[in-house]
Amino acid sequence: MLLKLPYLAQFTILKHLELHDHFFLGVCSKRARNLIKCFSRNKNDSSVINLYSFCIQLQKTGFLGKDVVMWASCYYRPENETLYRSNTNWNRSIIFWYKDKKIKCKISFHSTKGIPILWCKDKYKRMLPMAIYHSICEIFSISPIIQIKFEMSRLSEFPDTNEIDNVIIGCRDKDQIEEFLKNVIIRNATQLWLGSCQLSVDSVILSLEHALFWSPKWLIKEHLISFRGQTALFVDPRTIGTDDLIDFILHWQQGKNMKLESLVIILNDYESLKFDKEKVFEKLDAKPWNPERRAGRFKKSTAMRFSFLTDFLDCTGQMDIERESDGLLATVIVREKQFFFFVWHVPFPNTSVDQPFTLPHSLAGIPQFQIGQ
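Residues numbered from 1 in each chain as written. Predicted model: local features only at pLDDT ≥ 70, side-chain atom pairs only at ≥ 80, totals over all residues. Heavy atoms only, no water.

## Some thoughts on helix H2 (residues 19–26)
Working note: α-helix, 3.6 residues per turn, so residues spaced by three or four point in the same direction. Summarising burial for H2: 6 of the 8 residues are buried, a large majority. Taken together, the buried positions of H2 are His-20, His-22, Phe-23, Phe-24, Leu-25 and Gly-26. (Buried < 20%, exposed > 50% of the residue type's maximum accessible area, 1.4 Å probe, protein only. Helix = DSSP H or I, 4+ residues; strand = E, 2+ residues; numbered from the N terminus.)

## Re a nonpolar patch on the surface
The grouping of Leu-5, Ile-13 and Leu-17 at the surface amounts to a nonpolar patch, some 200 Å² of accessible area in total. Relative accessible area serves as the criterion here: at 32%, Leu-5 is assigned to the partly exposed category. (Patch = residues over 30% accessible without salt bridge, like charges linked within 9 Å, V, L, I, M, F, W, Y side chains within 5 Å. Areas by Shrake-Rupley, 256 points an atom, 1.4 Å probe, with all protein chains shown as cover. Salt bridge = Lys/Arg side-chain N within 4 Å of Asp/Glu carboxyl O.)

## Concerning the pattern of salt bridges
Inspection of the entire model under this criterion finds 18 salt bridges. Across the pair Lys-113 and Asp-67 runs a salt bridge, and its minimum N-O distance is 3.8 Å. One end of the pair, Lys-113, is in the loop between strand S5 (101–109) and strand S6 (116–120); the other, Asp-67, is in strand S3 (residues 63–73), with 46 residues separating them in the sequence. Relative accessible area serves as the criterion here: at 43%, Lys-113 is assigned to the partly exposed category. A salt bridge links Asp-285 to Lys-287, with the shortest nitrogen-to-oxygen separation between them at 2.9 Å. One network of salt bridges, with partners in common, ties together Arg-33, Lys-37 and Glu-138.

## Some thoughts on the packing of H2 against helix H5 (residues 128–139)
It is at 10 Å that the axes of H2 and H5 come closest, and there the two elements cross at 90°. Viewed along their axes, H2 and H5 adopt a mutual orientation that is roughly perpendicular. Contact residues: His-22, Phe-23 and Gly-26 in H2; Ile-132, Ser-135, Ile-136 and Ile-139 in H5. Class assignment for the residues of the contact of H2 with H5 results in 4 nonpolar, 3 polar and no charged. (Axes fitted to C-alpha atoms, helices over the stretch in contact; angles between N-to-C directions. Parallel < 35°, antiparallel > 145°, perpendicular 65-115°, else oblique. Contact = heavy atoms within 4.5 Å. Nonpolar A, V, L, I, M, F, W, Y, C, P; charged D, E, K, R; others polar.)

## Let's talk about the environment of Phe-312
With respect to the secondary-structure elements, Phe-312 resides in the loop between strand S16 (306–307) and strand S17 (319–322). By relative accessible area, which is 6% here, Phe-312 ends up buried. Taking the C-alpha atoms as reference points, Phe-312 and Arg-297, 15 residues apart in sequence, are found 9.0 Å from one another.

## Observations regarding the packing of aromatic side chains
One pass over the full model with this rule turns up 18 aromatic pairs. Seen in terms of ring centroids, Phe-158 and Phe-180 are 5.2 Å apart; in terms of plane orientation they differ by 80°. Their pairing is edge-to-face. Pair noted here: Phe-158 is in the loop between strand S7 (147–151) and strand S8 (163–164) and Phe-180 is in helix H6 (residues 174–183), with a separation of 22 residues, a long-range link. Relative accessible area serves as the criterion here: at 6%, Phe-180 is assigned to the buried category. Aromatic rings pair up to connect Phe-298, Phe-312, Phe-340, Phe-342 and Trp-344 into one cluster. Across from the ring centre of Phe-39, 3.7 Å away, lies the NZ or CZ of Lys-43, which sits over that ring. (Phe/Tyr/Trp six-rings, centres within 6.5 Å; stacked < 30°, edge-to-face > 60°. Lys NZ or Arg CZ within 6 Å of the ring centre and 35° of its normal.)

## Details of the pairing of strand S11 (residues 189–193)
Within S11, 4 of the 5 residues are buried, leaving the element largely enclosed by the surrounding structure. Across 5 bridges, S11 lies against strand S12 (residues 210–214) in parallel orientation. Residue pairing in the sheet places Trp-193 in a bridge with Trp-214 of S12. (Pairing = 2+ DSSP bridges.)

## Description of the pairing of strand S4 (residues 93–98)
The side-chain alternation of S4 yields one buried face, formed by Ile-94, Phe-96 and Tyr-98, and one unburied face, formed by Ser-93, Ile-95 and Trp-97. Bridge count for S4 against S5 is 6 bridges, and the pairing is antiparallel. Following the sheet pairing, Ser-93 is matched in S5 by Lys-106. Hairpin geometry of S4 and S5 is characterised by an intervening segment of 2 residues between the two adjacent antiparallel strands and by a positive phi of about 50° at Lys-99.

Take a look at the structure:
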């Protein structure tokens, strides 16, 4: 009936429906899917498979939006018992396909969130989130980049894929996550909570291309020196001091690390640890910015989406060091609670599509992080 109405009437009705209603409508037919695509254009640009809450969320320019749908296995689990028993109508069903496998699901609805729960046989519990994910990308016409949030202790629930674009991982077992990283390709950004894990300098974790480490209490200068990726961000380390920054900078200047693009350290405002800017530059042969040698604003990697109240990529007036072996310039910015190290592989990058992001005053000084793009 909806598809027989004029477009204006269709869009008016869709405005009053929930995201999961759009999702179910989109799986009904190609014509319905095209209607949802047209209605949803530019509202979201990607989705996230969230294994903490077993749901798929839509995302807009890095910020997570509403949950669309949950999934669950019919195999008995204590955490699913309430959801399972709250459903009184098991006649509703839907079918998905993934890797030529037919996945028949029963449908219930979450008692408080109001979003649908798709129940499958236990043998499909890793396939179903990928099947739903691909359907959502198709229906809402969003980028098919694979983004996953999960806790390593629930690895048995991990979706059936060995390639990910962006991932957020919580883990307390170093060996487990290192084994995981050896078997899964991460094409873009990784965010990690490692707890009190102690990393060796040759850990595969330090070879991640774009890595964001939350509360890395294990971080010492050897880890900074041994980072083998392109971009690294360390938030709230507890054992890094001014001397460690100096050793890291001098090692880069004397070394042959050709991959590093940026390394950022953010200290906790509530901790006594501070960086001494004067001491750092006493040890460096740094030169003031020369506009003829590099641009005034560094181009941030799109893999690491983080923002501050101020434009932290503004390098005008900042101090540079040069590596004699290849002539590469690096900008060094030291503040009491922040350290930025930017390597100018491209001295004059095009930053027209990477403009400063301004945060409201209530978030002053708080870095904002998203899963990536």
